[in-house]
Structure formats: C-alpha cells, structure tokens
Amino acid sequence: MSIDRPEIRSFQPPVRTLMGPGPSDVPPRVLSALARPTVGHLDPAFVGMMDELKTLLRYAFQTRNELTFPVSGPGSLGMETCFVNLVTPGDKVIVCVNGVFGGRMAENVRRLGGVAVIVEDAWGAPVDPAKVEAAFAVNPDAALLAFVHAETSTGALSDAAALAAIARRHGALTIMDCVTSLGGVPVLLDEWGIDAAYSGSQKCLSCTPGLSPVSFSEAAVARIKGRQGACPSWFQDLGLVLGYWSGAKRTYHHTAPVNPLYGLHESLVILAKEGLEAAWARHRDNHLRLRAGLEALGIRFVVSEEARLPQLNSVWVPEGVDEAAARARLLQEFGLEIGAGLGALAGKVWRIGLMGHSSRPANVALCLSALETVIKG
C-alpha cells in the first residue's frame, strides 16, 4: 500500500490586524530579518549576534544580570526553565494566583515535587501584597515567591516591586512572569530585585512566537549551582545551556532557531531605537484612545483603572451580544482578531490587545469602528 502524493500549494496566510492577547502584529523590518540567509548556530557571525541579543535583552529587562538570554521555545518553556532550575522536591513556594497563568505556575511547582502555597485573588484584581505578607508569616520556610506581573487572562497589573520586597524580607527568591508586560509597561528587574523572570517574543516585543527571554540574578544562579540533584529537564538545565550562550568557546547544546533569533534581534533593535520610556508612553496613549472609544460604546472594563494594563484590555461583552459570533464577524468582515476570555471569564469578556507594533492609532480606530458595526448591527 502506498500513500498518494499530496497536491498541496504553498500556504498564503490572510492579512490580519492582530489585536488579541498575542501574537501581535509583526513589523516589516522583523519579517525581513527572518528571511535573511541561515547560518550555522556555531558560526562566528551568529555567535556575535548572540552577544548583541543578550545586551539588548538586558536593556529591555533593565538588568545587569549576566544570565540573560532567549530560551528556544515559547513563554511556557521560559516558565518551566525558571521552575525546573530553581524548585527542588520539598521546596515550599508561595504562588500568587489571580488568573490562568498563576495557576500554571502552581502546577509547575506541584509537578516538580514542591509544595505550592496558594495566595488567591479574584480574577481581574491584582495580587494583594498583604495576603502575600500573611502567607510568609504562616510559611517562614518558603524558599520562593512566584507571581504574574501582567496577568494575560484578565489584563490586571500587579505591584512587582512591593511583592519582591516582601520576598526579600523573608529570605525568599522571586520568579516573575512578565510575558505580557515586557516592552509595554516598566519592567525593572534590578530596581525591583527580581531573581528570575521570563517573557515571550510575540507580545510587546512584536516578534514571531516561539522564543522566551529569561533573566536570572546572581542569587538565583547561586541557588541553581548549589542545588542537590540534577535538574529534571536535560533541555532546560541551565548548567548545560550556558555552555552555548556564554563563554569564549561555545559548546554544542542544541541547534538554536537561527532565523527566529534574527527576528528577535531586530525587534529589540527597534525597541532600543524607540526607547523604553517612549514605548511605555505609546502603549499608554493608545490605551487612552481605546478606553475613550469603548466607554462611548457603553463597554465596561473588567479591571479597575489603577490596576489596568494598557496593552491588554479585558472588557465585558455587552448584554445581548453573542460573544463568539461577534469575534467571528470581526475576523471575517474586518480582518481583525481580538481575544476571547479564558477560564472563569470564558464567554463573558473580550481581550483587546494593544501590544508592540499593534499599538497604533490606526488600529485603535479600526477596532472601535468595527466593534460599533458588529454590536449595533
């Protein structure tokens, strides 16, 4: 028996305006960078670009951490890289859960044989520092605090500086998810005292999905080097990965995604050219434009204004509107993608992204006009 030769043509994706929770629109410069000639992952020219990537990521993270590089995988792999290297069986980890992605952190702790102490807040609310303080009072032996800076499932922004300060007072290290925040709002690892952070390439950095920038403090590196027993993941073992991402002589670990790394490099060059402060201000300005238009349409936000992410806007679906049908019309008639709710908010909210290259006045205008047509039509 033979399998017939398939008659399939080259894939031509439709042109979309991406205003969901990710990915964001990718600028032409980054798409062009992805198409540059592939070189070997140990080629001297590529190794030089790797060093530039680390410098650019330190700027984005606002850190001097030597161990700062992109993991070859999505943000979920960046998350696992932090946990598999820092959590050992029996470790007590205080995990803040105020949405889907805090829950994923807790699941990582459990799967690694750690003890997850859950600090829970309502979906749409930021993490309450007082609850974290209380959790440490009851669990003074906790080794780590894990929290989501910008909860992608709700659009809530938590006070990372306050949470990290609590952990330091209790002698614990911090793991922070900044997948949606990096490049869109201040992320200040050194100033806040964050020990491990992970992000994603496809949100406010406006690269394609598939890479996860991470950064580890000296204290985190010391904990990793002093751990008892091997890291349970060979691929994510930082002791092995570092042989490729640092040192005068690069040792083979895995075949790095060469062209996607070109794209991330270009996206970070664009961010550095704009400047972090200007990027944060742009996201804020476009959020205010969107907010004014949504409020004029009678659409209410899920998150209170003081805790609201400018780059990810969760709003309640208006009464009487079919949530999924409205999104389908936006995609079919306007080529516009917005996001649905997750978990407890599924079917109840829309998540409207203004991330990276998607954060432009023209996109805001398109979104508001299209929503008005769909809601009133």
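Everything here concerns the structure above.
Throughout what follows, the structure given in this document is the object of discussion. (Residues numbered from 1 in each chain as written. Predicted model: local features only at pLDDT ≥ 70, side-chain atom pairs only at ≥ 80, totals over all residues. Heavy atoms only, no water.)

## Here's the deal with a nonpolar patch on the surface
The criterion, for reference: To count toward a patch, a residue needs a relative accessible area above 30% and no salt bridge. Like charges then connect within 9 Å, nonpolar side chains (Val, Leu, Ile, Met, Phe, Trp, Tyr) within 5 Å. In short, Shrake-Rupley with a 1.4 Å probe defines the accessible areas, and a residue's cover is counted only from the protein chains shown. The term salt bridge refers to a pairing of a side-chain nitrogen on Lys or Arg with a carboxyl oxygen on Asp or Glu at a separation within 4 Å. In this description a helix means any DSSP run of H or I spanning at least four residues, a strand means any run of E spanning at least two, and both kinds are numbered starting from the N terminus.
Taken together, the side chains of W234, F235 and L240 make up a nonpolar region of the molecular surface, amounting to roughly 300 Å² of accessible area. Along the chain, W234 turns up in the loop between α8 (218-225) and α9 (238-245).

## Points about helix α2 (residues 44-61)
Which entries qualify depends on this criterion: Expected span of a helix: the number of residues minus one, times 1.5 Å. Any pair of N or O atoms that falls within 3.5 Å is considered a polar contact. Within protein, one atom must be able to donate a hydrogen and the other to accept it, and sequence-neighbouring residues count only if both atoms are side-chain atoms.
With 18 residues, α2 should cover 26 Å at 1.5 Å per step; its first-to-last C-alpha distance of 26 Å lies within 8% of that length. With a side-chain oxygen lying 2.8 Å from the backbone nitrogen of A45, the N-terminal cap of α2 falls on D43. Just beyond α2, the residue with positive phi is Q62, at close to 55°.

## Quick look at the packing of aromatic side chains
Going by this rule: Ring pairs shown here join Phe, Tyr and Trp side chains whose ring centres sit within 6.5 Å, with only the six-membered ring taken for Trp; geometry is labelled stacked below 30 degrees between planes, edge-to-face above 60, and tilted in between. Look at NZ for Lys and CZ for Arg. If either is within 6 Å of the ring centre and within 35 degrees of the ring normal, a charge sits over the ring.
All told, the structure shown has 1 aromatic pair when counted by the stated rule. Of note, R308 hangs over the ring of F301, and the distance from its end group to the ring centre comes to 4.0 Å.

## What to know about the environment of R227
Selection criterion: The criterion used for residue contact is that any of the two residues' heavy atoms lie within 4.5 Å.
Assignment of secondary structure puts R227 in the loop between α8 and α9. Along the sequence, R227 and N85 sit 142 residues apart, while their C-alpha atoms lie 8.5 Å from each other. If we ignore the near neighbours within four places in the chain, the residues touching R227 are V84, N85, L86, V87, T88 and P232. A polar side-chain atom of R227 sits 2.8 Å from the main-chain carbonyl oxygen of V84. One polar contact links the side chain of R227 to the main-chain carbonyl oxygen of G229, over a distance of 3.2 Å.

## Let's talk about the nonpolar core
Note the following rule: Buried Ala, Val, Leu, Ile, Met, Phe, Trp, Tyr and Cys residues form a nonpolar core when they are joined through side-chain atoms within 4.5 Å. Buried means the residue's accessible area, taken with a 1.4 Å probe over protein chains only, is under 20% of the maximum for its type, while exposed means over 50%, and partly exposed covers the values in between.
Core analysis: the biggest nonpolar cluster contains 87 residues, and M176 and F216 have the highest contact counts within it. Sort the elements by how many residues they give to this core and α2 lands first, with 9 residues. Setting aside residues up to four positions removed in sequence, F216 forms contacts with N65, L67, T81, C82, L86, D195, A196, V221, I224 and L238. Counting 20 residues, the second-largest nonpolar core is a separate cluster that includes I299, W350, L368 and V374.

## Thoughts on empty space enclosed by the protein
What counts here: Cavity and pocket criteria rest on a 1 Å grid covering protein atoms alone: a 1.4 Å probe that fits but cannot get out defines a cavity, protein on both sides within 12 Å along at least 5 of 7 lines defines an open pocket, and an atom within 4 Å of a point defines a lining residue. Grid points are joined across faces, edges and corners, and a volume is the space filled by probe spheres set on the points.
If you walk through the whole model with that rule in mind, you get 1 cavity of 30 Å³ or more. Of the voids in this model, the largest cavity is the one considered here, and its volume is about 70 Å³. Every residue along the wall of the largest cavity is listed here: F69, P70, V71, S72, T81, F235, Q236, L238, V241, W245 and H254. The set of elements that each furnish at least two residues to the lining of the largest cavity consists of β2 (67-71) and α9.

## Re the pattern of salt bridges
What the rule picks out here adds up to 17 salt bridges. The partner of K92 in a salt bridge is D141, with the nearest N and O atoms 3.2 Å apart. With K92 in strand β3 (residues 92-97) and D141 in the loop between α5 (129-138) and β5 (144-148), this pair connects stretches of sequence that are 49 residues apart. Note that E107 is salt-bridged to R110, the shortest N-O span being 3.6 Å. Separated by 3 residues within a single helix, E107 and R110 lie in helix α4 (residues 100-111), roughly one turn from each other. Residue E107 is classed as partly exposed on the basis of its relative accessible area, which comes to 31%. Classification of R110 by relative accessible area gives partly exposed; the value is 44%.

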